[in-house]
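Commentary on secondary and tertiary structure
One letter stands for each residue in the lines below.
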Amino acid sequence: MHLPDYKEARSRTKKEYRRIDFKQDKTISNKYRGMKYFLKTYGCQMNEHDSENIEALLVNLGFTKVLDYNLADLVLLNTCSIRENAHNKAFGMLGRLKHLKGERPELIIGLCGCMAQEASVVQEILNDYKFVNFVFGTHNLYQLPNILDKAIKENKQQIEVFSREGDLVEGLPVIRANKYKAFVNIIYGCDKFCTYCIVPYTRGRERSRRREDIINEVKLLIEDGYQEVTLLGQNVNAYGKDLYDNYNLGDLLEEIALLNIPRIRFMTSHPWDFTDKMIDVIGKYSNIMPSVHLPVQSGSSKILKLMGRRYTKESYLELFHKIKDTVPGVSISTDIIVGFPGEDEEDFRETLSLAEECKYDNAFTFIFSEREGTPACKLVDNTPPEVKEERLQRLNQVVNKYFLENNKKLEGEVLKVLVEGVSLKKNMYYGYSETNKLINFTSEKEIEAGEIVNVKIKSAKTWSLDGEIV
Ligand code: SAH
Ligand code: SF4
Ligand code: F3S
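Residues numbered from 1 in each chain as written. Chains lettered and ligands numbered in written order. Predicted model: local features only at pLDDT ≥ 70, side-chain atom pairs only at ≥ 80, totals over all residues. Heavy atoms only, no water.

The subject of this paragraph is the sheet that holds strand β6 (residues 134-136). What the 6 strands build is an open sheet, ordered β3-β2-β4-β5-β6-β7; its pairing is parallel. Looking at strand neighbours, the two that pair on one side only are β3 (64-65) and β7 (158-160), the edges of this open sheet. The sheet contact formed by strand β4 (residues 74-79) and strand β5 (residues 108-113) spans 6 bridges and is parallel. Across the sheet, the residue bridging to L76 is G110, located in β5. Where helix α3 (residues 84-103) meets the sheet, it contacts β2 (36-41), β4 and β5, and its direction lies at approximately 170° from that of β4. Lying on the sheet, helix α5 (residues 144-154) is in contact with β4, β5, β6 and β7; it crosses β6 at an angle near 160°. (Pairing = 2+ DSSP bridges. Helix = DSSP H or I, 4+ residues; strand = E, 2+ residues; numbered from the N terminus. Contact = heavy atoms within 4.5 Å. Axes fitted to C-alpha atoms, helices over the stretch in contact; angles between N-to-C directions.)

Here it is as structure tokens:
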């Protein structure tokens, strides 16, 4: 048994990461043929991509997928710790599963992902959720086949969570959720330690994949007909810093752009590490999508300092406008937290004024959620929940106004859309524009998912645009 420990997870000693190739344990391949799995993913794109690896590991063991957990022999929850509601959702599901296990004692239940890295969660499972058969963490996902096998063979709860990141494992099998758009990890972990955030504890130190591993993965995706890659990391702008003296996200983006894949995206960008070179490269290549997710979190420099974000409102705005001025037609989206401890009405108005100035194309807005073990828990928080709720609504009104206003500007324009699928209505399709806007459109001639087509925009809504193929 290995239990997670935050103190260890926090430590950032200098360490060389070994790059190792994943080796499938052939002795258990197909051992569970005929059994069915249900996998639920709660978190961010990184969590989703982990699930794509998990699916492949399970299929190698012989499992087949079902979409209804009532029909499954194995239910695995790939969890997220970012806010309390993600946490509650997973525990809610465990409650339902307890009931199901009462009816079907042979059901196997597993938990993985970021919540598995939390000592308090694992303790709760040990104490009160004895029916959970196995738990593994984000750092040892590749061990899933053996942990699961052992849990079944020995019929004993297996808790195997490493507090510290280990080797960089390459060559994990993957079953991608989409045939045309792929996630590609470029950097794992986070060293920023924003005071509210749990990710540095659940995902470990920032460590970049070797550039040749990334390039090879993208080349294979191109051979397989992929039209779009999204380079993933908690902070992609830190790419390469731990590995190379002189090779960063700008260089990587450029190298991938020259491979001629139609669309390249990347997320998330922390304003801190954004260099001029990166901005220039994004502007220079037409296959690097003009769409940047640039979380601001707050418009008050006082709150930003308490959050440990290491920029001010002014320096954020300077970067924001540099990107807007350098990358033609760029769309910028953001994340904002309201109700951080110490945020008063004046601070909140600074956030509103920033949102008015930036006129974001999209924004994910949250109420601060206390995460056990993070420094923000120790700050005094005098704002009543109903005031926080009201701030969230006021903020949403402002950001929504600009989503619509920006979308309206696109009426009459012809946009390139990567077709994702057919809608239920006749001759209706949907897909995403270069600036990542959802486009619903009609086409008399039949088109295939994965094509990039030109769509004339007829009318704009807050969250999507309607158009017609041209
Ligand atoms: N690495 C990304 C963010 C990943 S988490 C970045 O730094 O930009 C996604 C978003 O969740 C964050 O941008 C933040 O807005 C929100 N978030 C993180 N921790 C939170 C918390 N404790 N309470 C509320 N929102 C939080
Ligand atoms: Fe969390 Fe900050 Fe790291 Fe983003 S940069 S994952 S918000 S600690
Ligand atoms: Fe959640 Fe972990 Fe992602 S906490 S947001 S799944 S990195």
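Looking now at the environment of R33. Its location among the elements puts R33 in the loop between β1 (19-21) and β2. Given the relative accessible area of 64%, R33 is considered exposed. Placed 28 residues apart in sequence, R33 and L61 show a C-alpha to C-alpha distance of 7.0 Å. Residues in contact with R33, not counting those within four places in the same chain, are L61 and G62. (Buried < 20%, exposed > 50% of the residue type's maximum accessible area, 1.4 Å probe, protein only.)

Tracing the backbone through its elements, the reader meets T195 in the loop between β10 (187-188) and α6 (199-203). In this structure T195 comes out as buried when scored by relative accessible area, which is 13%.

Trans peptide bonds make up most of the peptide bonds, and negative phi angles are found at most residues other than glycine. Cis rather than trans, the peptide bond between M267 and T268 has omega equal to 5°. Within the secondary structure, T268 sits in the loop between β13 (263-267) and α9 (276-284). Unusually for a residue other than glycine, R310 sits at a positive phi of about 65°. Counting through the fold element by element, R310 comes out in the loop between α10 (301-307) and α11 (313-326). For R310, a relative accessible area of 54% translates into the label exposed. Positive phi is not limited to glycine here, since K359 has a value of about 45°. Mapped onto the elements of the fold, K359 is located in the loop between α12 (345-358) and β16 (362-367).

What follows deals with the nonpolar core. Counting residues in each nonpolar core, the largest one holds 69 residues, and the members touching the most others are L231 and I323. No other element matches helix α13 (residues 385-408), which puts 6 residues into this core. Dropping the residues within four chain positions of it, I323 is found in contact with F274, I279, V292, L294, V330 and I332. Judged by nonpolar contacts, the second largest core, of 30 residues, contains V66, A90, L107 and V121. (Core = buried A, V, L, I, M, F, W, Y, C linked by side-chain atoms within 4.5 Å.)

This paragraph deals with the site of ligand 1. Neighbouring ligand 1 are 15 residues; Q234, P295, Q297, D335 and S369 lie closest to it. Within the side chain of R309, a nitrogen or oxygen atom sits 3.2 Å from an oxygen atom of ligand 1. In this structure, an oxygen atom belonging to ligand 1 sits 2.6 Å away from a side-chain N or O atom of D335. Protein chains shield 91% of the accessible area of ligand 1, which is 550 Å² for the free molecule. Listed by contribution, the elements that provide at least two residues to the shell around ligand 1 are β15 (331-338) and β16. Of the residues assigned to the shell around ligand 1, the class counts are 7 nonpolar, 4 polar and 4 charged. (Near = heavy atom within 4 Å. Polar contact = N/O pair within 3.5 Å; in protein donor to acceptor, adjacent residues only side chain to side chain. Areas by Shrake-Rupley, 256 points an atom, 1.4 Å probe, with all protein chains shown as cover. Nonpolar A, V, L, I, M, F, W, Y, C, P; charged D, E, K, R; others polar.)

A word on α3. Helix length check: α3, at 20 residues, gives a terminal C-alpha distance of 29 Å against a target of 28 Å (1.5 Å per residue), a fit within 8%. Listing the buried residues of α3 in full gives A86, H87, A90, F91, M93, L94, L97, L100 and K101. Taken end-on, α3 shows its buried residues confined to a sector of 165°, consistent with a single buried face. Summarising the geometry of α3, the exposed residues directed more than 90 degrees from the buried face are K89, H99, G102 and E103. Looking at the packing, one finds that the buried side of α3 touches β2, β4, β5 and α4 (119-128). (Expected span 1.5 Å × (residues − 1). Arc of directions from axis to C-beta.)

This part covers the packing of aromatic side chains. Tallied over the entire structure, the rule returns 16 aromatic pairs. Three or more aromatic residues joined by ring pairs make a cluster, and in this case those are Y311, Y316, F320 and Y360. If you follow K40 out to its NZ or CZ, it ends over the ring of Y42, 5.3 Å from the centre. Across from the ring centre of Y247, 4.1 Å away, lies the NZ or CZ of R211, which sits over that ring. (Phe/Tyr/Trp six-rings, centres within 6.5 Å; stacked < 30°, edge-to-face > 60°. Lys NZ or Arg CZ within 6 Å of the ring centre and 35° of its normal.)

With that settled, the discussion passes to the sheet that holds strand β12 (residues 228-232). In any sheet, the strands associate via hydrogen bonds between backbone groups, in a parallel or an antiparallel arrangement. In spatial order, the strands read β9-β12-β13; together these 3 strands make up an open sheet with parallel pairing. The open sheet has two free edges, formed respectively by β9 (181-185) and β13, since each of these has just one partner strand. Each strand of the sheet is rotated relative to its neighbour by a mean of 25°, with strand direction disregarded. Judged from the 5 bridges that link them, β9 and β12 form a sheet pairing that is parallel. Bridging across to β12, F183 finds its partner in T230.

Worth remembering: the numbers are spatial, not functional.
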